[in-house]
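Here is how the chains run, residue by residue.
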Amino acid sequence: MHIAVASGKGGTGKTLISTCLTHLWSNQGHPVTYVDADVEAPNGHLFLKPMVRMETRFKVRVPALEKPRCAGHGKCQEICAFSAILSAKGSVIVFNELCHSCGACILACPEQMLVEREREIGTISLGKAGSADFLSGRLDIGEARATPLIEAVVRRTNDSDRIVIIDAPPGTSCSAMAAVRNADLLLLVTEPTPFGMHDLELAVGMGRTLGINLAAVINRADLGDDRVGAYLRRESIPMLAEIPFDRIVAQAYAEACSPIDRSESFSKALTTLGDRVLATMGEAS
Ligand code: SF4
């Protein structure tokens, strides 16, 4: 069961909800895997404090010229849909950050002068956070393409007996879509503000385009008006819980601690959310 926790914008409480659901469900005895797919800024480890048991470098394949000079047909440049390779004066220049590792240029070269070389772009960490499995990707600084790493991290979670919580990147870009694409439920964390409303609509559009079941949770629910609630009702998206603003929660978050044991109102709302998510997933299966 894969639950992607996402939001149209950053700062709505996506990691707070993901990590607290991990705590809640693993304390209730469920087999849980937490996946930090926000590989450009992973921070779930700050709250779950996992014991990391293994770290592997993640590599993509990029083309390289096997010989010092090429015949200059320019077929590689012609076929590349991403403008990632330039054929010039008997040589080629590969713009690694733009390359999508499709291999088309290698096949297109009539002289077979291009080969694939591995290139490291990030790290995948595996470990344990209490009884929960912990999995996280971290993109190297300066790398432009997060999607291969996100796909690799999410691919490692195909155990159908576990509850897999995917902490997705914010927004609705390729990165967010790569993280949520195969989820059974897209749990949207939103807030009752004009920005929250605007970005929620984008996130709903992403979920519907991908054909994923949608549900929402409103964080800091008592600080705004009912526009987000009305929108969710209009769109028939189940609103599973409203989490009230609580200074104690903000303080716990700033200290990288779980607010479950510190705030009764948060703990109650989170338990309601956890129960309703599981009920929703039970109904869907
Ligand atoms: S592997 Fe694909 S994306 Fe990369 S340079 Fe070759 S054609 Fe372009």
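Every value quoted in this text rests on a predicted model; they were computed, and no experiment measured them. (Residues numbered from 1 in each chain as written. Predicted model: local features only at pLDDT ≥ 70, side-chain atom pairs only at ≥ 80, totals over all residues.)

K.L.:
Which parts of the structure should I look at to understand the domain arrangement of the protein chain?
P.N.:
Interface size is often expressed as the accessible area that is lost when the parts come together. Domains assigned within the protein chain are domain 1 (2–58 + 122–284) and domain 2 (67–112). The centre of domain 1, based on its C-alpha atoms, is set 40 Å off from the matching centre of domain 2. (Domains from an automatic or database assignment.)

K.L.:
Would you mind showing me how to read the sheet that holds strand 7 (residues 132–139) here?
P.N.:
Whether parallel or antiparallel, the strands of a sheet pair through hydrogen bonds between backbone atoms. In space, the 9 strands of this open sheet follow the order 3-6-7-2-8-1-9-10-11, with mixed pairing throughout. A strand with exactly one partner marks an edge of an open sheet, and here the two such strands are strand 3 (51–65) and strand 11 (239–243). Adjacent strand axes in the sheet meet at a mean angle of 20° when their direction is disregarded. Of the strand pairs in this sheet, strand 10 (residues 213–219) and strand 11 are connected by 4 bridges, and their pairing is parallel. By the bridge assignment, Asn-219 is partnered in strand 11 with Ile-243. (Pairing = 2+ DSSP bridges. Helix = DSSP H or I, 4+ residues; strand = E, 2+ residues; numbered from the N terminus. Axes fitted to C-alpha atoms, helices over the stretch in contact; angles between N-to-C directions.)

K.L.:
Looking at this structure, how should I read the site of the ligand?
P.N.:
Close to the ligand lie 14 residues; Cys-80, Ala-84, Cys-99, Cys-102 and Cys-105 are nearest. Its residues assigned to classes, the shell around the ligand shows 11 nonpolar, 3 polar and no charged. (Near = placed C-beta within 6 Å. Nonpolar A, V, L, I, M, F, W, Y, C, P; charged D, E, K, R; others polar.)

K.L.:
For this particular structure, what's the right way to read unusual backbone geometry?
P.N.:
Backbone phi values are negative for most residues with the exception of glycine, while trans is the configuration of most peptide bonds. For Lys-49, which is not glycine, the phi dihedral falls at a positive 45°. Mapped onto the elements, Lys-49 comes out in the loop between helix 2 (44–48) and strand 3. Of note, Gln-112 is a non-glycine position whose phi angle comes to about 50°, a positive value. Here Gln-112 is to be found in the loop between helix 4 (104–108) and strand 6 (114–129). Classification of Gln-112 by C-beta neighbours within 10 Å gives exposed; the count is 9. (Buried ≥ 20, exposed ≤ 12 C-beta atoms within 10 Å, placed from the backbone.)

K.L.:
It is not clear to me how helix 5 (residues 147–155) should be interpreted in this structure. Could you clarify?
P.N.:
Those residues of helix 5 that fall on the buried side of the exposure criterion are Pro-148, Leu-149, Ile-150, Val-153 and Val-154. Of the surrounding elements, those touching the buried residues of helix 5 are strand 2 (32–36), strand 3, strand 6, strand 7, strand 8 (163–167) and helix 6 (174–180). (Contact = placed C-beta atoms within 7 Å.)

K.L.:
I'm lost on the nonpolar core in this one. Help?
P.N.:
For soluble globular proteins, nonpolar side chains are generally found buried alongside one another. Ranked by size, the top nonpolar core spans 78 residues in total, and within it Ile-3, Ala-4, Ile-166 and Leu-187 carry the most contacts. The biggest single contributor to this core is helix 1 (residues 14–27), with 6 residues. Here this core spans two domains, and each of domain 1 (2–58 + 122–284) and domain 2 (67–112) adds at least three residues to it. (Core = buried A, V, L, I, M, F, W, Y, C linked by C-beta atoms within 7 Å.)

K.L.:
Is there a simple way to explain the environment of Asp-161 in this structure?
P.N.:
With respect to the secondary-structure elements, Asp-161 resides in the loop between helix 5 and strand 8. Distance from Asp-161 to Val-32, taken between C-alpha atoms, is 9.1 Å for residues 129 residues apart in sequence.

K.L.:
When you look at the pairing of strand 9 (residues 185–190) in this model, what are you seeing that I'm missing?
P.N.:
With respect to burial, strand 9 is a largely interior element, 6 of its 6 residues being buried. The alternating pattern of strand 9 places Leu-185, Leu-187 and Val-189 and Leu-186, Leu-188 and Thr-190 on opposite faces, both of which are buried. Sheet topology note: the strand 1 (residues 2–6)/strand 9 ladder contains 4 bridges and is parallel. Looking at the pairing, Val-5 lines up with Leu-187 of strand 9. With 6 bridges joining them, strand 9 and strand 10 adopt parallel strand pairing. By the bridge assignment, Leu-187 is partnered in strand 10 with Ala-215. You can see the chain leave strand 9, run along helix 7 (residues 194–210) and come back into strand 10, and the turn it takes is right-handed. (Right-handed = clockwise from strand over helix to strand, strands pointing away.)

K.L.:
Would you explain the pairing of strand 6 in this entry?
P.N.:
Each regular strand carries side chains that alternate between the two faces of the sheet. Pairing analysis gives 14 bridges linking strand 3 to strand 6, with the strands arranged antiparallel. Paired with Lys-59 across the bridge in strand 6 is Glu-120. Relative to strand 7, strand 6 runs antiparallel, the two sharing 8 bridges. The residue of strand 7 that forms the bridge with Gly-122 is Leu-139. Turn length for the strand 6-strand 7 hairpin, with the two strands adjacent in sequence and antiparallel, is 2 residues, and the turn residue Gly-130 shows positive phi of about 65°.

K.L.:
Teacher, can you tell me more about the environment of Gln-28 here?
P.N.:
Mapped onto the secondary structure, Gln-28 falls in the loop between helix 1 and strand 2. Judged by the 12 C-beta atoms lying within 10 Å of it, Gln-28 is exposed.

K.L.:
It is not clear to me how the packing of helix 7 against helix 8 (residues 227–234) should be interpreted in this structure. Could you clarify?
P.N.:
In a packed pair of helices, the relevant descriptors are the angle between the two axes and the axis-to-axis distance. Between helix 7 and helix 8, the least distance of the axes is 9 Å, while the angle of their chain directions is 20°. Overall, the two elements helix 7 and helix 8 adopt an arrangement that is roughly parallel. Helix-helix and strand crossings are classified by hand; for helix 7 and helix 8 the assignment is right-handed. Every residue of helix 8 that contacts helix 7 at Gly-196, Met-197 and Leu-200 is listed here: Arg-227, Val-228 and Tyr-231. Of the residues assigned to the contact of helix 7 with helix 8, the class counts are 4 nonpolar, 1 polar and 1 charged. (Parallel < 35°, antiparallel > 145°, perpendicular 65-115°, else oblique. Left-handed = near helix turned anticlockwise from the far one by under 90°.)

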